[in-house]
Amino acid sequence: RHRAEEALAAEHHLLLSIHKEEEQSREAAIIIRRYITTGSITIEEEHILKVQVADTIKIIDIVVPFVLIPGASVLMPILIRVARAHHIELLPSAF
């Protein structure tokens, strides 16, 4: 029963993180449109864009191995834990 509760909590966290990442992507798109139309953005907006671009690259880096490498679903959690142990964050900021 405890594992079922943990699984539900993990699923809930994942869904919230995906939703947060989606909101951040929308915000970045609005900033990009503003830059295209006005030719300028604030320093804060520039920072938001840099973080979102880095997050997008991290998502690609995580998704591609799942598609191309058999067994990646087993290896990725291990890789993420090892990276965190060395103070390297592989997951996007929303996660």
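To be clear, the structure that these remarks concern was listed above.
Because the structure is predicted, anything quoted here is derived from the model rather than measured.

Chemist: Explain the overall build of the chain to me, please; I cannot follow it from the model alone.
Modeler: Secondary structure summary: the chain contains three helices and zero strands in total. N-terminal to C-terminal, the α/β element order of the chain is α-α-α. Dimensions of the chain, computed from C-alpha atoms along their principal axes, come out at roughly 55 × 30 × 25 Å. Of all 95 residues assigned to the chain, the portion counted as buried reaches 19%.

Chemist: What's the story with the nonpolar core in this structure? I'm lost.
Modeler: In summary, soluble globular proteins display a tendency toward joint burial of nonpolar side chains. By size, the foremost hydrophobic cluster in this structure holds five residues: Ile 62, Ala 72, Met 76, Ile 80 and Leu 91. When residues of this core are assigned to their parent elements, the largest contribution, three residues, is made by helix 3 (residues 72–85). Setting aside its immediate chain neighbours within four residues, Ile 62 contacts Met 76, Leu 90, Leu 91 and Pro 92.

Chemist: Any chance you could explain the packing of helix 1 (residues 2–38) against helix 2 (residues 43–68) here in plain terms?
Modeler: Helix-helix packing is described using two parameters, namely the angle between the two axes and the distance between the axes. Between helix 1 and helix 2, the least distance of the axes is 9 Å, while the angle of their chain directions is 130°. With respect to their mutual orientation, helix 1 and helix 2 come out oblique. Handedness of the crossing formed by helix 1 with helix 2: left-handed. On helix 2, the residues that touch Glu 21, Gln 24, Ser 25, Glu 27, Ala 28, Ile 31, Ile 32 and Arg 34 of helix 1 are Glu 45, Ile 48, Leu 49, Gln 52, Asp 55 and Ile 59.

Chemist: Would you take a moment to explain the pattern of salt bridges for this structure?
Modeler: Between side chains of opposite charge, a pair can form as their charged atoms come close. Under the defined criterion, the tally for this structure stands at three salt bridges. Measuring nitrogen to oxygen at the nearest pair gives 3.4 Å for the salt bridge that ties Lys 50 to Glu 46. Placement of both Lys 50 and Glu 46 in helix 2 is noted, with a separation of four residues, approximately one turn of the helix.

Definitions and limits used
Residues numbered from 1 in each chain as written. Predicted model: local features only at pLDDT ≥ 70, side-chain atom pairs only at ≥ 80, totals over all residues. Heavy atoms only, no water. Helix = DSSP H or I, 4+ residues; strand = E, 2+ residues; numbered from the N terminus. Buried < 20%, exposed > 50% of the residue type's maximum accessible area, 1.4 Å probe, protein only. Core = buried A, V, L, I, M, F, W, Y, C linked by side-chain atoms within 4.5 Å. Contact = heavy atoms within 4.5 Å. Axes fitted to C-alpha atoms, helices over the stretch in contact; angles between N-to-C directions. Parallel < 35°, antiparallel > 145°, perpendicular 65-115°, else oblique. Left-handed = near helix turned anticlockwise from the far one by under 90°. Salt bridge = Lys/Arg side-chain N within 4 Å of Asp/Glu carboxyl O.

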